[in-house]
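Now for the letters of each chain:
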Amino acid sequence: MAKIEAGADLKESIRHAVDAVGGFGAYIKEGETVLVKPNFNTIDPPPASTDPAFLAAFVDLLHEHGAAKVTIGESSTFYGNTRWNLENVGVKAMTETRPWLDYLAFDAGKWVRREVEGGKYLKHVSVPEALERHDRLFFVCCLKTHCHARYTGALKLSVGLMKPQQRMGLHLRNIQPKIAELASLFSPDLIVMDARKCFITRGPSEGEVREPGVILAGTDRVAMDIEGIRIIQGYEGSTLAGVVPEELPQIARAIELGIDGYGQR
């Protein structure tokens, strides 16, 4: 995993972060189709949601490095309208100037049942059928605290890949280990975290904002979230003060499950 300081040129900063973990060529081949999962649970301003400028720079880099077709896919809160969110945050406008780019509201499409191997808290979930129609899966996540899960980053981004009606049960109890078990169903080829801003309290839609000014990139969601927690802990008043990152239940369960091979490299 790499952590770099973001500069004035956002696109070059993202490129620099990915270059530090092998470059885009290590994660995409010429002519492949790509599904990009951002964070538009709502359209509250960053870091509550993905910065549209960050997302635009990222998808442009994917196309420049060979992606024949890029789809931005998301499913917002179970009480929201994903298509409306994507259109009003500017994703639709992005596609109008990029013929190779499309967007997809998962909740308007088909869902398929997936069994959670070794699940203690989740036995099966429904995930977007669209995952089966793309060669690559990339995550673009934010950095923030969370009022229910305490922290949300790379692992929790997978909640947007769960059928909205099932998220009610996810939040009722044992949300943190459930996050890890859900995340075990997916293997993103690359994760990029926009940590130029973060919440250090409350979240996920609002909180005290700080500006670490960094971008993280890599393939290990556990390592990225551990670093994300440490970044937040660097600010006085953080609700994660005193937490041992590896002992946070979502992290601990992800380590038990061996997600992304954390600690095995």
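Just above, that's the structure.
Residues numbered from 1 in each chain as written. Predicted model: local features only at pLDDT ≥ 70, side-chain atom pairs only at ≥ 80, totals over all residues. Heavy atoms only, no water.

## Let's talk about the overall build of the protein chain
Reasoning step 1: When helices and strands are tallied, the protein chain shows eight helices and 13 strands.
Reasoning step 2: On C-alpha atoms alone, the protein chain measures out to a radius of gyration of 17 Å, which is about the 18 Å that the 2.2 N^0.38 rule sets for 265 residues.
Reasoning step 3: Summarising its shape, the C-alpha atoms of the protein chain cover approximately 45 × 40 × 40 Å along the three principal directions.
Reasoning step 4: The buried share of the protein chain, reckoned over its 265 residues, is 57%.
Reasoning step 5: In the protein chain, the share of contacts with a sequence separation of at least 24, taken over all contacts with a separation of at least 6, comes to 71%.
Reasoning step 6: Charge centroids of the protein chain, computed over 31 positive and 34 negative side chains, lie 6 Å from each other. (Helix = DSSP H or I, 4+ residues; strand = E, 2+ residues; numbered from the N terminus. Rg over C-alpha atoms; globule rule 2.2 N^0.38 Å. Buried < 20%, exposed > 50% of the residue type's maximum accessible area, 1.4 Å probe, protein only. Contact = heavy atoms within 4.5 Å. Lys, Arg positive; Asp, Glu negative; His and termini not counted. Charge placed at Lys NZ, Arg CZ, Asp CG, Glu CD.)

## Observations regarding the packing of helix α1 (residues 10-19) against helix α2 (residues 52-64)
Reasoning step 1: The geometry of α1 relative to α2 is characterised by a closest axis approach of 9 Å and an angle of 60° between their N-to-C directions. In terms of their interaxial angle, α1 and α2 are classed as oblique. Every pair of crossing elements has a handedness; the one defined by α1 and α2 is right-handed. Here L10, K11, I14 and R15 of α1 come into contact with α2, specifically with A53, F54, A57, F58, D60, L61 and E64.
Reasoning step 2: Grouping the amino acids of the contact of α1 with α2 by side-chain chemistry returns seven nonpolar, no polar and four charged. (Axes fitted to C-alpha atoms, helices over the stretch in contact; angles between N-to-C directions. Parallel < 35°, antiparallel > 145°, perpendicular 65-115°, else oblique. Left-handed = near helix turned anticlockwise from the far one by under 90°. Nonpolar A, V, L, I, M, F, W, Y, C, P; charged D, E, K, R; others polar.)

## Observations concerning the sheet that holds strand β3 (residues 69-74)
Reasoning step 1: With mixed pairing, seven strands are arranged side by side in an open sheet as β1-β13-β10-β7-β2-β3-β4. The open sheet has two edge strands with one neighbour each: β1 (2-5) and β4 (101-105). Going from strand to strand, the sheet's axes swing by 20° on average, the running direction of each strand aside.
Reasoning step 2: Where β3 lies against β4, five bridges are found, and the strand directions are parallel. Within β4, the residue paired with G73 across the bridge is L104. (Pairing = 2+ DSSP bridges.)

## Some remarks on the nonpolar core
What tends to happen in soluble globular proteins is that the nonpolar side chains get buried as a cluster.
Reasoning step 1: In terms of nonpolar packing, the biggest core is built from 48 residues, with L143, Y151, L182, F186 and M193 touching the most fellow members.
Reasoning step 2: Broken down by secondary-structure element, the contributors of at least two residues to this core are β6 (124-128), β7 (136-142), α6 (175-183), β10 (190-195), β13 (214-218), α7 (221-233) and α8 (249-257).
Reasoning step 3: Among the elements that take part in this core, α7 stands out by supplying six residues, more than any other.
Reasoning step 4: Counting 37 residues, the second largest nonpolar core, distinct from the first, contains A56, A67, V70 and A217. (Core = buried A, V, L, I, M, F, W, Y, C linked by side-chain atoms within 4.5 Å.)

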